[in-house]
Each structure stands twice: as C-alpha cells, then as structure tokens.
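Residues per chain are reported as follows:
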Amino acid sequence: QFLDFSNTDSEDAIAAQVQDMASRRLLSPAAAEAADTARLLAFFRSPLGIRMRASQSVHREFKFSLLACARAASELSALAVPPAPDEDTILFQGVIDCFFEEGDGLVLIDFKSDRVRESTVSMAIANYRPQLLAYSYALTRITGKPVLARYLYFFNLNREFPIA
C-alpha cells in the first residue's frame, strides 16, 4: 500500500522501503518480517506491474460505499446503476486493492496471497470472479470510466490472471 513505485527496481530497494515503513510504524514488525521482497519484485517486473508503474494515475486501497437497488441486489449489474429515489436500497462497501488509468478506462488488480497451486488456481479464480465483477461495476459507477481489464495476481505463483 505504501511502496513508492518509482523505487522498486531491486529487492534491496524494496527491502529498504519495507524497513522504513516499519520504522515509521506504517507496518508492524511482523508484517515487515513477512514481506517477501522477491515476490514483490517479481510483480513489479511482470507485464502487469510494468503497465501499472507506467500509469500516471494509480489508486491503492480504494475504499468505497454506494447504494444499490435491494430488489436486484443478487444481480451484479444492479450495482452499475443508481437506485431510483423510491426504491429500497442496500449499502455496498469494499476496498479495491489497486486500479490504474490506462487509455480511456481503468485496469483493476486484486492481489492474492492465497497458497494456490497450478492445480487449484482455476477454482480460486472462479471463487474471486464475482468480487472483481462487483468491484468493476462499482468503479464504473463511481468514476464514470469503463473498466477495461480485471486481473487477479497470485503472489504465490508470481502470475497474473485476466478475469473476463
């Protein structure tokens, strides 16, 4: 969340930032100890990490709340349109790990630290897909910009997975 993306070209640079965050109490000592600089570096060197770093507008830990129509709450697309004034509503809240602007839209990234394997990653993707779709509808409604791409990034596999 607090990494300076312009200084993520090596494990040493990332480790120095992690230690600085710990000294400023932005990270607990345990979190700093658990930070896997090799996996973080792998992300920043990945095609998705390079795209993110190239963006002029990157948002991290984006908290949102919006009202959605209660009658259609079971349909994710209901999040895309504000409810009418006389409709019952539900409050939809979330925290989006990261999104960035690219071209005329947004790219959404959800980082996962799950211990998935190649044999179980498709099941994990299926489980997380509704979350990313819901976040996409919310982002479009909040920003007015389309979400052009969604990705899950599993640090355990050092890989990104596009979500259709």
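This section reports on the structure supplied with the text. (Residues numbered from 1 in each chain as written. Predicted model: local features only at pLDDT ≥ 70, side-chain atom pairs only at ≥ 80, totals over all residues. Heavy atoms only, no water.)

Quick look at the overall build of the protein chain now. On a plain count of helices and strands, the protein chain comes out with five helices and five strands. Starting at the N terminus and walking to the C terminus, you meet the elements of the protein chain as α-α-α-α-β-β-β-α-β-β. Principal-axis analysis of the C-alpha atoms places the extent of the protein chain at approximately 55 × 40 × 35 Å. Residues classed as buried in the protein chain amount to 39% of the 164 residues present. For the protein chain, the proportion of contacts with a sequence separation of at least 24, taken over those separated by at least 6, is 66%. Here the protein chain has roughly 9,200 Å² of accessible surface; of this, 52% comes from carbon and sulfur atoms. Counting 17 positive and 20 negative side-chain charges, the protein chain places the centres of these two groups 2 Å from one another. (Helix = DSSP H or I, 4+ residues; strand = E, 2+ residues; numbered from the N terminus. Buried < 20%, exposed > 50% of the residue type's maximum accessible area, 1.4 Å probe, protein only. Contact = heavy atoms within 4.5 Å. Areas by Shrake-Rupley, 256 points an atom, 1.4 Å probe, with all protein chains shown as cover. Lys, Arg positive; Asp, Glu negative; His and termini not counted. Charge placed at Lys NZ, Arg CZ, Asp CG, Glu CD.)

Relative to the helices and strands, Ser-55 resides in the loop between helix H4 (47-54) and strand S1 (58-69). On the basis of relative accessible area, Ser-55 is assigned to the buried category, the value being 14%. Look past the residues within four positions of Ser-55 in its chain and what remains in contact with it is Phe-100 and Glu-101.

Before going further, it helps to spend a moment on the packing of aromatic side chains. Within this structure, the stated rule accounts for 13 aromatic pairs. Each ring, one from Tyr-153 and one from Phe-155, has its centre 5.0 Å from the other, and the planes form 70°; the classification is edge-to-face. Residues Tyr-153 and Phe-155 agree in their burial class; the two are buried. Among the aromatic residues, those joined into a ring-pair cluster are Phe-5, Phe-43, Phe-44, Phe-111, Tyr-153 and Phe-155. (Phe/Tyr/Trp six-rings, centres within 6.5 Å; stacked < 30°, edge-to-face > 60°.)

With that out of the way, let us pick up the pairing of strand S5 (residues 159-162). Relative to S5, strand S4 (residues 147-154) runs antiparallel, the two being bridged by four bridges. Along S5, the bridge assignment pairs Leu-152 with Phe-161. (Pairing = 2+ DSSP bridges.)

The next point concerns helix H3 (residues 37-45). Three- or four-residue spacings in an α-helix give side chains the same orientation, since the helix completes a turn every 3.6 residues. Buried within H3 we find Thr-37, Leu-41, Phe-43 and Phe-44. Down the axis of H3, the buried side of the element spans an arc of 155°, and every buried residue falls inside it. Where H3 is buried, its residues touch helix H1 (11-23), H4, strand S3 (105-112) and S4. (Arc of directions from axis to C-beta.)

Below, the discussion takes up helix H5 (residues 121-143). Compared with an ideal rise of 1.5 Å per residue, which puts 23 residues at 33 Å, H5 spans 31 Å between its outermost C-alpha atoms and is within 8% of the ideal. Approximately 35° is the largest bend angle found in H5, and it occurs at Tyr-128, with the proline Pro-130 only one to four residues beyond. Looking only at H5, the buried set comprises Val-121, Ala-124, Ile-125, Tyr-128, Leu-132, Leu-133, Ala-134, Tyr-135, Ser-136, Ala-138 and Leu-139. In this structure, the buried residues of H5 make contact with S1, strand S2 (89-102), S3, S4 and S5. Where H5 terminates, the next one or two residues include Gly-144, which has phi positive at roughly 80°. (Expected span 1.5 Å × (residues − 1). Bend = angle between axes of the 7 residues up to and from the residue.)

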